[in-house]
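# Residue-level structural notes
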Amino acid sequence: MLLKLTELASTQTRADDSLTLPFEFRQKSRFSATTDNGRAVGLFLKRGQVLRSGMVVTGPNLFSVLINAASEPVSVLYCDDLLQITRAAYHLGNRHVPLQILKGELRYLRDHVLDAMLEQMHLSVEHVQLPFEPETGAYHGHHHQHD
């Protein structure tokens, strides 16, 4: 039987299970999945809701599931030069890709075209498997305000 998960719960809610998902699924509002403990769940959330690691979702039966970001193939730019990393973020942002911005680090889902662009700027990119939690707003389109 498919357990319905329809809304966000407080992050203080004790989770009955967990669900580890890549970013592609964490930005969808309706999909079926299997929890980390093997339960079939169906997510029916408000459109535009992006699930982040640590959020808890629940439904009519009060079964609560903790969301975890899965490790996935990302390109990572490590750079301590503020001007260079700002230029890199500008050029990546111009391409409207989801981008995770950390101190001295930019992450995006692995893309050889973007990697080549940064390498042409004399920056080096590493390929790793890490959870991906991009900035909010970048993947909602041009007409939404940033959070």
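We now turn to the structure provided with this report. (Residues numbered from 1 in each chain as written. Predicted model: local features only at pLDDT ≥ 70, side-chain atom pairs only at ≥ 80, totals over all residues. Heavy atoms only, no water.)

## Structural notes on the sheet that holds strand β3 (residues 17–21)
- Spatial ordering of the open sheet is given by β2-β6-β7-β3, a layout of four strands whose pairing is mixed. This sheet does not close on itself; its edge strands, each paired only once, are β2 (7–9) and β3. Between one strand and the next, the sheet's axes are offset by a mean angle of 40°, whatever the strand orientation.
- Bridge count between strand β6 (residues 56–58) and strand β7 (residues 65–69): two bridges; the pairing is antiparallel. Bridge pairing in β7 links V56 to L66. (Pairing = 2+ DSSP bridges. Helix = DSSP H or I, 4+ residues; strand = E, 2+ residues; numbered from the N terminus. Axes fitted to C-alpha atoms, helices over the stretch in contact; angles between N-to-C directions.)

## Here's the deal with the pairing of strand β10 (residues 105–109)
- Most of β10 sits out of view: four of its five residues are buried.
- Note that strand β8 (residues 71–78) and β10 share five bridges and pair antiparallel. Residue pairing across strands places V74 opposite L109, the latter belonging to β10.
- In this structure, strand β9 (residues 100–102) lies alongside β10, joined through three bridges in antiparallel fashion. What sits directly across from L102, in β10, is E105. (Buried < 20%, exposed > 50% of the residue type's maximum accessible area, 1.4 Å probe, protein only.)

## A few points about the side chain of D115
- For D115, the location among the structural elements is in helix α3 (residues 112–120).
- Buried charge without a partner: D115 forms no salt bridge, and the closest opposite charge is R110, 5.8 Å away.
- A distance of 2.8 Å separates the side chain of D115 from the side chain of S75, its partner in a polar contact.
- Contacts of D115, omitting those with residues within four sequence positions, involve S75, Y108, R110, V125 and H127. (Lys, Arg positive; Asp, Glu negative; His and termini not counted. Salt bridge = Lys/Arg side-chain N within 4 Å of Asp/Glu carboxyl O. Polar contact = N/O pair within 3.5 Å; in protein donor to acceptor, adjacent residues only side chain to side chain. Contact = heavy atoms within 4.5 Å.)

## With respect to unusual backbone geometry
- With phi around 65°, L62 is a residue other than glycine that occupies positive phi space.
- Of note, the phi angle at H96 is positive, near 55°, even though the residue is not glycine.
- Looking at the element boundaries, H96 is found in the loop between α2 (82–94) and β9.

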